[in-house]
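As a plain string of letters, each chain reads:
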Amino acid sequence: MADAKWYAIQSYSGHENKVQRLIQRRIDEEQGEPESKQIQEVMVPTREEVELRNGKRVTVTRKLYPGYVLVKMVYNQRTAHLVNSIQGVIKFLGTGAEPQPLTDDELAKVMGQEVEAPAAPEAPVVLIPFTHGQVVEVTDGPFKEFSGTVQEIDHDKGKVKVEVSLFGRPTSIELDYTQLRGF
């Protein structure tokens, strides 16, 4: 039996999870051991991110590649027809008559998120909505209602260094990005 390889499938945007469920149902219905099945795995690559909503930090799951689903399978006429007949699937990704499987480099890039997660849970990426030199207003803490300019952004800690005018002198203060509002 041929080796199973990972293939990318284009799906309708927003239907990735539905396509994943439908393919997983086909995998579960197929008889035999998981290694002997022609369609073996399906996944939608995602990552956790921290976002600011209504002044609170919220962890959200974002799709790395919206509109795409990855399937580990043995590509042949039967499996291609099975996958293409699933509602929400547009086509296999690739040029020519047969799609190309993902290369090891592409797979490592995609799976890098998944491989590290069980060993040591990675902290979600903090998206700080400010840029260097942007004018911001402090909304919380002892410097509330002060305006200043962003000097540094520390994405790892979620902190922003802001220069404010205190008694007529420029003073740098380090604040959590949730304590700021941009103009």
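Summarised in this report is the structure supplied together with it. (Residues numbered from 1 in each chain as written. Predicted model: local features only at pLDDT ≥ 70, side-chain atom pairs only at ≥ 80, totals over all residues. Heavy atoms only, no water.)

How two aromatic rings sit relative to each other is set out by the distance from centre to centre and by the angle between their planes. If you walk through the whole model with that rule in mind, you get four aromatic pairs. Measuring from centroid to centroid gives 5.5 Å for Tyr7 and Tyr75, while their planes differ by 40°, and the two rings are tilted. Taken together, the positions of Tyr7 in strand β1 (residues 5-11) and Tyr75 in the loop between β5 (68-73) and α2 (77-84) put the pair 68 residues apart, joining distant regions of the chain. For Tyr7, a relative accessible area of 7% translates into the label buried. A ring pair is formed by Phe143 and Phe146, whose centres lie 5.7 Å apart and whose planes are at 85°; its orientation type is edge-to-face. (Phe/Tyr/Trp six-rings, centres within 6.5 Å; stacked < 30°, edge-to-face > 60°. Helix = DSSP H or I, 4+ residues; strand = E, 2+ residues; numbered from the N terminus. Buried < 20%, exposed > 50% of the residue type's maximum accessible area, 1.4 Å probe, protein only.)

This paragraph deals with the nonpolar core. Counting 16 residues, the largest nonpolar core has Ile9, Ile23, Ile39, Val71, Met73, Val83 and Phe92 as its most contacted members. Contributions of two or more residues to this core are made by β1, α1 (16-29), β2 (39-43), β5, α2 and β6 (89-92). Residues in contact with Val71, not counting those within four places in the same chain, are Lys5, Trp6, Tyr7, Ile9, Ile23, Ile39, Glu41 and Val42. If you look at the next biggest cluster of nonpolar residues, it comprises 13 residues, including Ile128, Phe130, Val150 and Tyr177. (Core = buried A, V, L, I, M, F, W, Y, C linked by side-chain atoms within 4.5 Å. Contact = heavy atoms within 4.5 Å.)

Further remarks concern unusual backbone geometry. One non-glycine residue, Glu145, lies in positive phi territory at about 70°. Of note, Glu145 is situated in the loop between β8 (135-138) and β9 (147-154). Owing to a relative accessible area of 62%, Glu145 belongs among the exposed residues under this scheme. Positive phi, close to 55°, is recorded for Phe167, a residue that is not glycine. Looking at where Phe167 falls in the secondary structure, it is placed in the loop between β10 (159-166) and β11 (169-176).

Ordered in space as β2-β5-β1-β6, the four strands form an open sheet in which the pairing is antiparallel. Where the open sheet ends on each side, the last strands, each with one partner, are β2 and β6. Going from strand to strand, the sheet's axes swing by 30° on average, the running direction of each strand aside. Where β1 lies against β5, six bridges are found, and the strand directions are antiparallel. (Pairing = 2+ DSSP bridges. Axes fitted to C-alpha atoms, helices over the stretch in contact; angles between N-to-C directions.)

Turning next to the environment of Phe143. By the element assignment, Phe143 lies in the loop between β8 and β9. C-alpha separation for the pair Phe143 and Ile173, spaced 30 residues apart in sequence, amounts to 9.1 Å.

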